[in-house]
Amino acid sequence: MSAVESEQTQVPQSGGRTPKDMALSLGVLLIPVLLLVLGYRLFYGWDAAVTVDPANAIESAGRASLAPLPGVAPDGWQTVTAKYADGVLRIGYLDPDGAGAQLVQSRAGAQALLGAELDGKAQADGETVVGGVTWQRYLGPEGRTALLRTAGNTATLLVGENADLTALAAAVTR
């Protein structure tokens, strides 16, 4: 037997790596990732929502002559998204219980806005008067509810699931 043949027979078929080596390699990779996740949770609040100031989006909508513009969110509510693009103002909120709601405001017709936001599956459910303003109430798919009003040529739609839309309507109505 030659020296080359004896060396080949000593190397395991797995390339010299054992399951223990593989477990150690994974451990070396997972420990820093775990430390980063725990550090993020400790220093940045794992469950805390990131809030935004909707002023820039509302000002942009105002410059585009969208009126009436919404007011500030009710006490205890958090504004989590705000964007004005393509003639549509969208502001996302979280109520004190963590339920989400969204304000959508546009010059598109009220029924077109309602159909676009609720996939054309909204069913009328009467009216709600909030602060002297009449809102049309709708039931949408997946347990969502909506309040819709038209002021001038602007339609305002509030959509939410398990959120108190009447409190939001009272706060954003000017």
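What counts, and at which threshold
Just so you know, the residues in each chain are numbered from 1, in the order the chain's sequence is written. A pLDDT threshold of at least 70 governs which residues receive local features in this predicted model, and a stricter bar of 80 or more applies before side-chain atom pairs are shown or counted, although totals over entire chains, interfaces and linings include all residues. Note that the side-chain values use all heavy atoms of the structure and ignore hydrogens as well as water. Secondary structure counts use DSSP, requiring at least four H or I residues in a row for a helix and at least two E residues in a row for a strand, with both numbered from the N terminus. Relative accessibility under 20% of the residue-type maximum defines a buried residue, over 50% an exposed one, and the middle range a partly exposed one, all with a 1.4 Å probe and only protein chains included. In what follows, a contact means two residues having at least one pair of non-hydrogen atoms within 4.5 Å. All accessible-area figures derive from a Shrake-Rupley calculation using a 1.4 Å probe, and residue coverage is judged against the displayed protein chains alone. In the sections that follow, a salt bridge refers to a side-chain nitrogen of Lys or Arg positioned within 4 Å of a carboxyl oxygen of Asp or Glu. The pairing criterion for strands is at least two bridges between them, as found by DSSP. Nonpolar cores were defined as sets of buried Ala, Val, Leu, Ile, Met, Phe, Trp, Tyr and Cys residues, with membership established by side-chain atoms within 4.5 Å. Stacked, edge-to-face and tilted labels apply to pairs of Phe, Tyr and Trp rings (six-membered ring for Trp) whose centres lie within 6.5 Å, assigned for plane angles under 30 degrees, over 60, and everything in between, in that order. A helix is expected to reach a length of 1.5 Å times the quantity of its residues less one. For this analysis, a polar contact is any N or O atom pair within 3.5 Å, provided that within protein one partner can donate a hydrogen and the other can accept it, and provided that sequence-adjacent residues contribute only side-chain to side-chain pairs.

## Looking at the overall build of the protein chain
Reasoning step 1: From N to C terminus, the protein chain includes five helices and seven strands.
Reasoning step 2: Across the 174 residues of the protein chain, 30% fall into the buried class.
Reasoning step 3: In the protein chain, the share of contacts with a sequence separation of at least 24, taken over all contacts with a separation of at least 6, comes to 45%.
Reasoning step 4: Summing over all exposed atoms, the protein chain offers an accessible surface of approximately 11000 Å²; the carbon and sulfur share of this is 56%.

## What to know about the pattern of salt bridges
Reasoning step 1: Under the defined criterion, the tally for this structure stands at three salt bridges.
Reasoning step 2: Note that Glu 117 is salt-bridged to Arg 90, the shortest N-O span being 2.7 Å. Here the residue Glu 117 occupies a position in helix α4 (residues 110–117), and Arg 90 occupies one in strand β2 (residues 88–94), the gap between them amounting to 27 residues.
Reasoning step 3: A residue is classified by how much of its surface remains accessible, and Glu 117, at 16% relative accessible area, is buried.
Reasoning step 4: Residue class for Arg 90 comes out partly exposed when judged on its relative accessible area of 29%.

## Quick notes on the pairing of strand β7 (residues 154–160)
Reasoning step 1: Burial runs high along β7: seven of the seven residues are buried.
Reasoning step 2: Across the two faces of β7 the burial is the same, with Thr 154, Thr 156, Leu 158 and Gly 160 and Ala 155, Leu 157 and Val 159 all buried.
Reasoning step 3: Taken together, the six bridges between strand β3 (residues 100–106) and β7 define a ladder with antiparallel strand orientation. Note that in β7 the partner of Gln 105 across the bridge is Thr 156.

## Regarding the nonpolar core
Reasoning step 1: Of all hydrophobic cores here, the largest spans 22 residues; its most connected members are Leu 89, Tyr 93, Leu 103, Trp 135, Leu 158 and Leu 168.
Reasoning step 2: Sorting the residues of this core by element identifies α3 (55–63), β2, β3, β5 (133–139) and α5 (165–172) as the ones contributing at least two each.
Reasoning step 3: Among the elements that make up this core, the one with the highest residue count is α5 (four residues).
Reasoning step 4: Counting residues in each nonpolar core, the second largest holds 12 residues, with Val 88, Val 104, Ala 146 and Leu 148 among its members.

## Brief notes about the packing of aromatic side chains
Reasoning step 1: A complete count under the given rule lists one aromatic pair for this structure.
Reasoning step 2: Measuring from centroid to centroid gives 6.4 Å for Trp 77 and Tyr 93, while their planes differ by 75 degrees, and the two rings are edge-to-face. Of this pair, Trp 77 sits in the loop between α3 and β1 (78–85) while Tyr 93 sits in strand β2, and the two are 16 residues apart along the sequence.
Reasoning step 3: Residue classification places Tyr 93 among the buried positions, given a relative accessible area of 3%.

## Observations concerning helix α2 (residues 19–44)
An α-helix turns once every 3.6 residues. As a result, residues three or four positions apart point the same way.
Reasoning step 1: Helix length check: α2, at 26 residues, gives a terminal C-alpha distance of 37 Å against a target of 38 Å (1.5 Å per residue), a fit within 8%.
Reasoning step 2: Counting buried positions along α2 gives zero out of 26 residues, so the element sits mostly on the surface.
Reasoning step 3: Once α2 ends, the next one or two residues include Gly 45, with phi positive near 70 degrees.

## Examining the side chain of Ser 106
Reasoning step 1: Along the chain, Ser 106 turns up in strand β3.
Reasoning step 2: At 3.0 Å, the side chain of Ser 106 forms a polar contact with the backbone nitrogen of Ala 108.
Reasoning step 3: With sequence-adjacent residues up to four places away left out, Ser 106 is seen in contact with Leu 66, Gly 87, Val 88, Leu 113, Asn 153, Thr 154 and Ala 155.

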